[in-house]
Amino acid sequence: MAAHASEHTTAGTEDCLSSFCPRFHTAVEIIGRRWSGAILRAMLAGATRYTDIVAAVPKLSDRLLSERLKEFEAVGIVDRVVIPDTPVRVEYRLTQKGAELEPAFRELADWAEKWIELPPLPEGVGCQESFLEPGEGR
């Protein structure tokens, strides 16, 4: 019997469901930082331009978005693409590494729908609008 019953081999790699896995820890630190999940979810949904991402994520500051995009670029999750139009445009595109987060995000979204309760929203207010202060809009 293996020393760790929760670990097993899948396609030649160890399944890191032991008490600690440095790769898992690093992954959670990358996508678990403040607003990272919301930014990546917006990008997985198709937002590529800075303004599109800001519009998709209520209460996200420009400074924080800029910081997170730089971090994602540094770890290879996002590519910054300069499009030499007039005026010059900048888009942020998920790399293959970033796009492969989609199944994990879908699973987490399913889990959240099942287990995370939100306070009741006023009639006619959607989930996204619930994050805005009264009178605030995007």
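As the structure is a prediction and not an experimental result, all values here were calculated from the model.

Chemist: An account of the pairing of strand S3 (residues 78-83) is requested, with residue identities and associated values reported.
Modeler: In the sheet, S3 pairs with strand S4 (residues 89-94) via 6 bridges, with the strands oriented antiparallel. Opposite valine 82, over in S4, you have valine 90 as the bridge partner. Hairpin connection of S3 to S4: 5 residues between the antiparallel strands.

Chemist: I'd like to hear about unusual backbone geometry, residue by residue, with values.
Modeler: Cis rather than trans, the peptide bond between threonine 86 and proline 87 has omega equal to -5 degrees. Looking at the element boundaries, proline 87 is found in the loop between S3 and S4. Phi is positive for lysine 59, close to 70 degrees, though the residue is something other than glycine. With respect to the helices, strands and loops of the structure, lysine 59 is situated in the loop between helix H3 (50-56) and helix H4 (62-74).

Chemist: Please give an account of H4 that cites residues and values.
Modeler: Between its first and last C-alpha, H4 extends 18 Å over 13 residues, near the 18 Å set by a 1.5 Å rise per residue. Within H4 the residues assigned to the buried category are Leu64, Leu65, Arg68, Leu69 and Phe72. The buried side chains of H4 occupy one side of the element, clustering within an arc of 130 degrees when seen end-on. Turned more than 90 degrees from where H4 packs its buried face, Arg63, Lys70 and Ala74 sit exposed. If you follow the buried residues of H4, they end up packed against helix H1 (22-31), helix H2 (36-44), H3, S3 and S4. Immediately beyond the C-terminal end of H4, within one or two residues, lies glycine 76, with a positive phi of roughly 85 degrees.

Chemist: An account of a nonpolar patch on the surface is needed here, citing residue identities and associated values.
Modeler: Together, Leu108, Trp111, Trp115, Ile116 and Leu118 give the surface a local cluster of nonpolar side chains, amounting to about 580 Å² of exposed area. Among the structural elements, leucine 118 can be located in the segment after helix H6 (102-115). For leucine 118, a relative accessible area of 55% gives the class exposed.

Chemist: Provide a residue-level description of the nonpolar core, including the pertinent values.
Modeler: Residues Ile39, Met43, Ile53, Leu60, Leu65 and Leu69 are the most contacted members of the largest nonpolar core, which totals 18 residues. For this core, the secondary structure elements donating two or more residues are H2, H3 and H4. For isoleucine 39, the residues in contact, after removing those within four places along its chain, are Ile53, Val57, Leu60, Leu65, Arg68, Leu69 and Phe72.

Chemist: Now, about the packing of H2 against H6: what can you tell me, with residues and values included?
Modeler: With their axes 11 Å apart at the nearest point, H2 and H6 run at an angle of 115 degrees to one another. The orientation of H2 with respect to H6, classified from their angle, is roughly perpendicular. The hand of the H2/H6 crossing is left-handed. In this structure, H2 contributes Gly37, Leu40, Arg41 and Leu44 to the contact, and H6 contributes Glu102, Phe105 and Ala109. In the contact of H2 with H6, the residues fall into 4 nonpolar, 1 polar and 2 charged.

Chemist: Pulling in residues and values, what's your account of the pattern of salt bridges?
Modeler: A full pass over the atoms with the stated rule returns 8 salt bridges. Of the charged contacts, one joins arginine 89 and glutamate 91 as a salt bridge, the two residues approaching to 3.8 Å between their closest N and O atoms. Relative accessible area serves as the criterion here: at 26%, arginine 89 is assigned to the partly exposed category. The class for glutamate 91 is buried, based on a relative accessible area of 11%. In this structure, glutamate 102 and arginine 106 form a salt bridge, with 2.7 Å as the shortest nitrogen-oxygen distance. Residue glutamate 102 and its partner arginine 106 are located together in helix H6, separated by 4 residues, close to a single helical turn. We classify glutamate 102 as partly exposed; its relative accessible area is 30%. Judged by its relative accessible area of 53%, arginine 106 is exposed. Look at the salt bridges and you will find they share partners, linking Arg33, Arg63, Glu67, Arg68 and Glu71 into a network.

Conventions and cut-offs
Residues numbered from 1 in each chain as written. Predicted model: local features only at pLDDT ≥ 70, side-chain atom pairs only at ≥ 80, totals over all residues. Heavy atoms only, no water. Pairing = 2+ DSSP bridges. Helix = DSSP H or I, 4+ residues; strand = E, 2+ residues; numbered from the N terminus. Expected span 1.5 Å × (residues − 1). Buried < 20%, exposed > 50% of the residue type's maximum accessible area, 1.4 Å probe, protein only. Arc of directions from axis to C-beta. Contact = heavy atoms within 4.5 Å. Patch = residues over 30% accessible without salt bridge, like charges linked within 9 Å, V, L, I, M, F, W, Y side chains within 5 Å. Areas by Shrake-Rupley, 256 points an atom, 1.4 Å probe, with all protein chains shown as cover. Salt bridge = Lys/Arg side-chain N within 4 Å of Asp/Glu carboxyl O. Core = buried A, V, L, I, M, F, W, Y, C linked by side-chain atoms within 4.5 Å. Axes fitted to C-alpha atoms, helices over the stretch in contact; angles between N-to-C directions. Parallel < 35°, antiparallel > 145°, perpendicular 65-115°, else oblique. Left-handed = near helix turned anticlockwise from the far one by under 90°. Nonpolar A, V, L, I, M, F, W, Y, C, P; charged D, E, K, R; others polar.

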